[in-house]
Amino acid sequence: MRKHAEKSKIIRSSPALQKISKKMLAQGKSIGLVPTMGALHKGHVSLIEKSVKSNDVTIVSIFVNPVQFGANEDFAKYPRRLLADAKLCGEAGASIVFAPEPKDMYPLPLQTFVHNPALENLYCGAYRPGHFAGVLSVVAKLFNIAMPCKAYFGEKDFQQLHLIRRMACDLNFSVKIIGARTIREKNGLAMSSRNEYLSTEERAAAGSIYAGLLAAKKLHGQGEVSAAKLKSAVKERIERASGKIQYVEIVNKNDLMPVGTKVLRNAVVLVACYFGKTRLIDHVEL
Ligand code: PAF
């Protein structure tokens, strides 16, 4: 990580950030936005560094967005540590940390949502009703507040990234959506703020998720086209390590539609599973 002398400035209110962004744009400066929910890890840092390289100003938003969590999900326990996160943002070169309170983002209960009825109830959406409408709506708000030229998201949340790209395209947002590759722990586990919930044993066992995905990729490379067999390869590795599968799906990487029984090209395997009480997701391109 590059060490920058400057600290990130913490902005807590949307009108204040909007004013700053307007001023920067008027001065001809390019703005990069890295939307996060905080508890930053190396994956986030890589997004921030990517933005810092190609924009004059990088804004990192840190907001645990209540409207994307279901009633029985981890909103209350989601890790929050603004000062440590802000330090990391400064070290990675971000100029501004935007950390609004829920009351600032939602002065009134949200009535206007962004939906994608074709995709929001598939895969993760089937198990997290309302989740993607919550994500798209807050990302749309963040785009209107921060007014970025480019916005950076991890490829780890493959369905989320696809939906955000589609929203930006469908609704003519003048922001370029940049996806960045998944950063992994030594055992292959995709970095996620939720990895903090895992015990040492669960964290070690969760390396089986990527091992399973790589096994499917290898099989496909050797000519296996049966979707059922490729999915089994993933399931088997995870279940052998005591993980509990929520779903494994093989989808077309361009439109996210299920590929059917035969897997030819442009396919991605998506998986969601539990280790202990922690829900983890990952994917691999075949
Ligand atoms: O990926 C996340 O951290 C969140 O879903 C996002 C994009 C910041 C929206 O709250």
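Remember, predicted model here, so these are calculated numbers, not experimental data.

## So, helix H9 (residues 207-221)
No. 1: The end-to-end C-alpha distance of H9, which contains 15 residues, comes to 21 Å, matching closely the 21 Å that a straight helix rising 1.5 Å per residue would cover.
No. 2: Inspection of H9 places Gly-207, Ser-208, Ile-209, Gly-212, Leu-213, Ala-215, Ala-216 and His-220 among the buried residues, and these make up the whole buried set.
No. 3: Downstream of H9 by a residue or two, Gly-223 has a phi angle that is positive, lying close to 110 degrees.

## As for the packing of helix H2 (residues 42-54) against helix H3 (residues 82-92)
No. 1: Between H2 and H3, the least distance of the axes is 9 Å, while the angle of their chain directions is 40 degrees. Classified by the angle between their axes, H2 and H3 sit oblique to one another. In this structure, H2 crosses over H3, and the sense of that crossing is right-handed. Residues Val-45, Ile-48, Glu-49 and Val-52 of H2 pack against Leu-88, Cys-89 and Ala-92 of H3.
No. 2: Split by residue class, the contact of H2 with H3 holds six nonpolar, no polar and one charged.

## What to know about the packing of aromatic side chains
No. 1: Scanning the model with the defined rule gives seven aromatic pairs in all.
No. 2: Relative to Phe-75, the ring of Phe-69 has its centre 5.4 Å away and its plane inclined at 65 degrees; by these criteria the two rings are edge-to-face.
No. 3: Exposure remark for Phe-69: the relative accessible area of 10% places this residue in the buried category.
No. 4: On the accessibility criterion, Phe-75 (26% relative accessible area) is partly exposed.
No. 5: Look at Tyr-127 and Tyr-247: their rings are 5.9 Å apart centre to centre, the planes differ by 10 degrees, and that puts the pair in the stacked class. You can see Tyr-127 sitting in helix H5 (residues 124-127) and its partner Tyr-247 sitting in strand S7 (residues 244-252), a full 120 residues away along the chain.
No. 6: Accessibility expressed as a relative area gives 8% for Tyr-247, which makes it buried.
No. 7: Joined through ring pairs, the aromatic side chains of Phe-69, Phe-75 and Tyr-78 make up one cluster.

## Topic: the pairing of strand S2 (residues 31-36)
No. 1: Of all six residues in S2, six are buried; the element is thus mostly enclosed.
No. 2: Sheet analysis places S2 next to strand S3 (residues 57-62), joined by six bridges and oriented parallel. Paired with Leu-33 across the bridge in S3 is Ile-59.
No. 3: Handedness of the β-α-β unit built from S2, H2 and S3 comes out right-handed.
No. 4: Bridge count for S2 against strand S5 (residues 150-154) is two bridges, and the pairing is parallel. Note that in S5 the partner of Gly-32 across the bridge is Lys-150.

## With respect to the site of the ligand
No. 1: Looking at the ligand, the residues that line it are Pro-35, Thr-36, Met-37, Asn-65, Gln-68, Val-135, Val-138, Phe-153 and Gln-160.
No. 2: Gln-68 is positioned with one of its side-chain polar atoms (N or O) 2.6 Å from an oxygen atom of the ligand.
No. 3: A distance of 2.8 Å separates an oxygen atom of the ligand from a polar side-chain atom of Gln-160.
No. 4: Contact with the protein chains removes 89% of the 290 Å² of surface that the ligand exposes when unbound.
No. 5: Among the secondary structure elements, those contributing two or more residues to the shell around the ligand are S2 and helix H6 (131-146).
No. 6: Looking at side-chain class alone, the shell around the ligand contains five nonpolar, four polar and no charged residues.

## Some remarks on a positive patch on the surface
No. 1: A contiguous patch of positive charge, built from Lys-9, Lys-19, Lys-23 and Lys-29, is present on the exposed surface.
No. 2: With respect to the secondary-structure elements, Lys-19 resides in helix H1 (residues 14-26).
No. 3: With relative accessibility at 66%, the residue Lys-19 sits in the exposed group.

## Looking at the pattern of salt bridges
No. 1: Here the structure, examined in full by the defined rule, presents 14 salt bridges.
No. 2: As a salt-bridge pair, Arg-240 and Glu-236 come within 3.2 Å of each other at their nearest N and O atoms. Remark: Glu-236 and Arg-240 occur in helix H10 (residues 227-240); sequence separation between them is four residues, near one turn of the helix.
No. 3: When salt bridges that share partners are traced, they join Arg-81, Asp-85 and Glu-196 into one network.

Thresholds applied
Residues numbered from 1 in each chain as written. Predicted model: local features only at pLDDT ≥ 70, side-chain atom pairs only at ≥ 80, totals over all residues. Heavy atoms only, no water. Helix = DSSP H or I, 4+ residues; strand = E, 2+ residues; numbered from the N terminus. Expected span 1.5 Å × (residues − 1). Buried < 20%, exposed > 50% of the residue type's maximum accessible area, 1.4 Å probe, protein only. Axes fitted to C-alpha atoms, helices over the stretch in contact; angles between N-to-C directions. Parallel < 35°, antiparallel > 145°, perpendicular 65-115°, else oblique. Left-handed = near helix turned anticlockwise from the far one by under 90°. Contact = heavy atoms within 4.5 Å. Nonpolar A, V, L, I, M, F, W, Y, C, P; charged D, E, K, R; others polar. Phe/Tyr/Trp six-rings, centres within 6.5 Å; stacked < 30°, edge-to-face > 60°. Pairing = 2+ DSSP bridges. Right-handed = clockwise from strand over helix to strand, strands pointing away. Near = heavy atom within 4 Å. Polar contact = N/O pair within 3.5 Å; in protein donor to acceptor, adjacent residues only side chain to side chain. Areas by Shrake-Rupley, 256 points an atom, 1.4 Å probe, with all protein chains shown as cover. Patch = residues over 30% accessible without salt bridge, like charges linked within 9 Å, V, L, I, M, F, W, Y side chains within 5 Å. Salt bridge = Lys/Arg side-chain N within 4 Å of Asp/Glu carboxyl O. Lys, Arg positive; Asp, Glu negative; His and termini not counted. Charge placed at Lys NZ, Arg CZ, Asp CG, Glu CD.

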